[in-house]
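# A structural walkthrough
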Amino acid sequence: ERGNPVRIAKQIWSERKEEILRSVHSDLSEEISRIGMHIDRTHLAYQVQQGIQGNLVRLRQRYIEGGGTEEAMTMLLPLSLTALLPCLRGLQRIAGQPALFQSDALLAGVRTLTGLDLAGLNDVLELKRGIISPGPVEVPRLFERYAANLDALIALIRMDGTVTPR
């Protein structure tokens, strides 16, 4: 099966992944600049707030569906954070700041912007990266800190398209 296209594609991807990603990123950046992409902020605050609220509802719903177990929480929290990151970039855009794409910088920027202690989000990022592995007593506390951080972020977004820092 020397000519198997799937095997060949996998081999090329494994050997040249970084080069391919840099090329795609460069091509997209040039295209965005060329067409003058503009982000309409008319309803961005509403969309960001709805995105964070939806994330929180789905997190709680899937927690219940998962039987409220520690295992369910440790699986759901990183997935929730991944889905939350575009909303946090939207929060930065609402405030007129450039959207940051590296997770650490993004969380630090949102912390500075809002004045909130986002320890729950930071802890979930560390969980996602495998830096921490909370025990059975700490996982429910982490879940609650994370959910409280989402509630606090939701409360800061005003419908006039602004963010009210604490």
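Look up: the structure comes first, before these words.
The following refers to the structure shown. None of the values given here were measured: they were computed from a predicted structure. (Residues numbered from 1 in each chain as written. Predicted model: local features only at pLDDT ≥ 70, side-chain atom pairs only at ≥ 80, totals over all residues. Heavy atoms only, no water.)

What follows covers the nonpolar core. Core analysis: the largest hydrophobic core is formed by 39 residues, its most contacted members being Ile 52, Leu 84, Leu 88, Leu 91, Leu 121, Tyr 146 and Leu 153. Broken down by secondary-structure element, the contributors of at least two residues to this core are α2 (44–65), α3 (70–94), α4 (103–114), α5 (119–129) and α6 (138–156). For this core, the leading source of residues is α3, giving eleven residues. When sequence neighbours within four positions are dropped, the list of residues in contact with Leu 121 reads Leu 81, Leu 84, Leu 88, Leu 107, Tyr 146, Asn 149 and Leu 153. (Core = buried A, V, L, I, M, F, W, Y, C linked by side-chain atoms within 4.5 Å. Buried < 20%, exposed > 50% of the residue type's maximum accessible area, 1.4 Å probe, protein only. Helix = DSSP H or I, 4+ residues; strand = E, 2+ residues; numbered from the N terminus. Contact = heavy atoms within 4.5 Å.)

This paragraph deals with the packing of aromatic side chains. All told, the structure shown has one aromatic pair when counted by the stated rule. Taken together, a centroid distance of 4.7 Å and an interplanar angle of 35 degrees make the contact between Tyr 63 and Phe 143 tilted. Of the two residues, Tyr 63 is situated in helix α2 and Phe 143 in helix α6; the sequence distance between them amounts to 80 residues. (Phe/Tyr/Trp six-rings, centres within 6.5 Å; stacked < 30°, edge-to-face > 60°.)

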